[in-house]
Each structure stands twice: as C-alpha cells, then as structure tokens.
Amino acid sequence: EVQLVESAGGLVQPGGSLRLSCAASGFTFSSHWMSWVRQAPGKGLEWVANVNQDGTKKYYVDSVEGRFTISRDNAKNALYLQMNSLRAEDTAVYFCARIFCTRTDCFYDHWGQGTLVTVSS
Amino acid sequence: DIQMTQSPSSLSASVGDRVTITCRASQDITNNLAWIQQRPGKAPTSLIYDASTLLSGVPSKFSGSGSGTDFALTISSLQPEDFATYYCHQYNSYPYTFGQGTKLEIK
C-alpha cells in the first residue's frame, strides 16, 4: 500500500525557515516524480514544486522560487521541502503527492494527509 | 499561466441524483486534465486522469469527458460520501494549476 506521511509542520515567524519531510513507503520511491501541493485555510489547491526521480530536475511556482527548495533522498525514501524567508501568505496545509507517469503523461495518483504550516508573529 | 475555471462554484443535490461539473482551461491542454476529490478536513484523492480515465479503485459512477479547453466531470447516483469539493487540475505545462473548486452539498 502506497503511504506518504508528512512530518509535523508548525508555527514559524515571518522571515523564518522550516523543513518539511515526507516519508514514502509501499512503492519504489526512486521511480517516481514527487510533488508538494499546498492549501491555504479555506482556499483551493495550489501546486508548489515538483522534482524528478533523481533530483536533477526541479520546478517551482513563481511565488516560492528562490525561497523554497524541493529535494529528495532516495536511499531514505524521503521527500523534502526547505522553506526559507517565510511569509504570512505561505500559511497552508502542505501535501506531499506522488506523480505517476504513463508513456505520455504524468499526473497525481497518491497524496499524503498534509501538514499545517502557520507563519505568524 | 493556464487558468482553470470551474462551474458552478457550489452545487446542491440530493442522494441518488446525477450531477455534472464543468472546467474550462484558458488555452488548449489537449487531454492533460485530472479530477480530484477532497472531503472536508481530508487529503485530496485523485479520481480521473487524461480527462476520462479512472484511476484504479475509483467507482464507475465517476466519469470524465472533454478535450482541448472544455471538460466535464459527471457523478451518477450520488451517495453521502460523494458530497465533497471537486477540483480540476491541468498538468499540460508548468506551472501546474487547479480550478477554484466546486463544493457539492447535500440538498
């Protein structure tokens, strides 16, 4: 069974940093693109970042480019999101998601339960 | 960026009803569209990819259609567990984008 379990988020002051982790199990982690998606309180889903299987290709939404870094450790079956220079508008539940690729397309097929990050003084 | 616009934003229906939610992309995304369900307070669940292909384990009461810019999700024989928020999502190009969501409520 595919499982994605995010680490605890927390309360961070504006300008602070936080690293999220996502522990993956039940599948060959190194074979899949992975992603972070977030959801501000009462709002919709927003894509944050993707990373390819070996961590050499990374893509970000403009609003986090230069502040957030997605990475992975295939030996530990872990996905990370290093978040720096946090702003109030980064307050959200952050979901780890697996991407499944067919011959032609790549799409989300499994999601973690999410972890809340609150940026406030 | 590709904008995804869902209609309606909210919808009231009764158990047993059939409903359709539409999603329009601001430019051609061929069939690179997914539908995602989110029950209150829960993680998202992926239902459909490539506009009309059900993910493994998703009941056939869900169906998707469309290509290019106009898409639809139809849910037949609504059950209590189907009342949730539904999002369309394009993965044709970066940045990935989602519709604003359609909240399906019990009438």
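Because the structure is a prediction, the values reported are computed rather than measured. (Residues numbered from 1 in each chain as written. Chains lettered and ligands numbered in written order. Predicted model: local features only at pLDDT ≥ 70, side-chain atom pairs only at ≥ 80, totals over all residues. Heavy atoms only, no water.)

### Focus on the sheet that holds strand β3 (residues 19-25) of chain B
Residue and element names in this part refer to chain B.
Piece 1. On the basis of which strands lie adjacent, the open sheet formed by 4 strands has the order β1-β3-β8-β7 and antiparallel pairing. The sheet terminates laterally at β1 (4-7) and β7 (62-67), the two strands that pair on one side only. Each strand axis lies, on average, 20° off the axis of its neighbour in the sheet, ignoring direction.
Piece 2. Looking at chain direction, β1 and β3 are connected through 4 bridges and run antiparallel. Directly across from Gln 6, in β3, lies its bridge partner Cys 23. (Pairing = 2+ DSSP bridges. Helix = DSSP H or I, 4+ residues; strand = E, 2+ residues; numbered from the N terminus. Axes fitted to C-alpha atoms, helices over the stretch in contact; angles between N-to-C directions.)

### Some points on the nonpolar core
Piece 1. Among the nonpolar cores identified, the biggest contains 70 residues, and Trp 36 and Tyr 94 of chain A are the most heavily contacted of them.
Piece 2. Per-element accounting of this core gives the leading share, 6 residues, to strand β9 (residues 92-101) of chain A. (Core = buried A, V, L, I, M, F, W, Y, C linked by side-chain atoms within 4.5 Å. Buried < 20%, exposed > 50% of the residue type's maximum accessible area, 1.4 Å probe, protein only.)

### Focus: the environment of Phe 27 of chain A
All names here are of chain A.
Piece 1. Here Phe 27 lies in the loop between β3 (18-25) and β4 (34-39).
Piece 2. Judged by relative accessible area, which is 14%, Phe 27 ranks as buried.
Piece 3. Counting along the chain gives 88 residues from Phe 27 to Thr 115, while the straight-line C-alpha distance between them is 21 Å.
Piece 4. Residues in contact with Phe 27, not counting those within four places in the same chain, are Val 2, Gln 3, Leu 4, His 32, Met 34 and Arg 98. (Contact = heavy atoms within 4.5 Å.)

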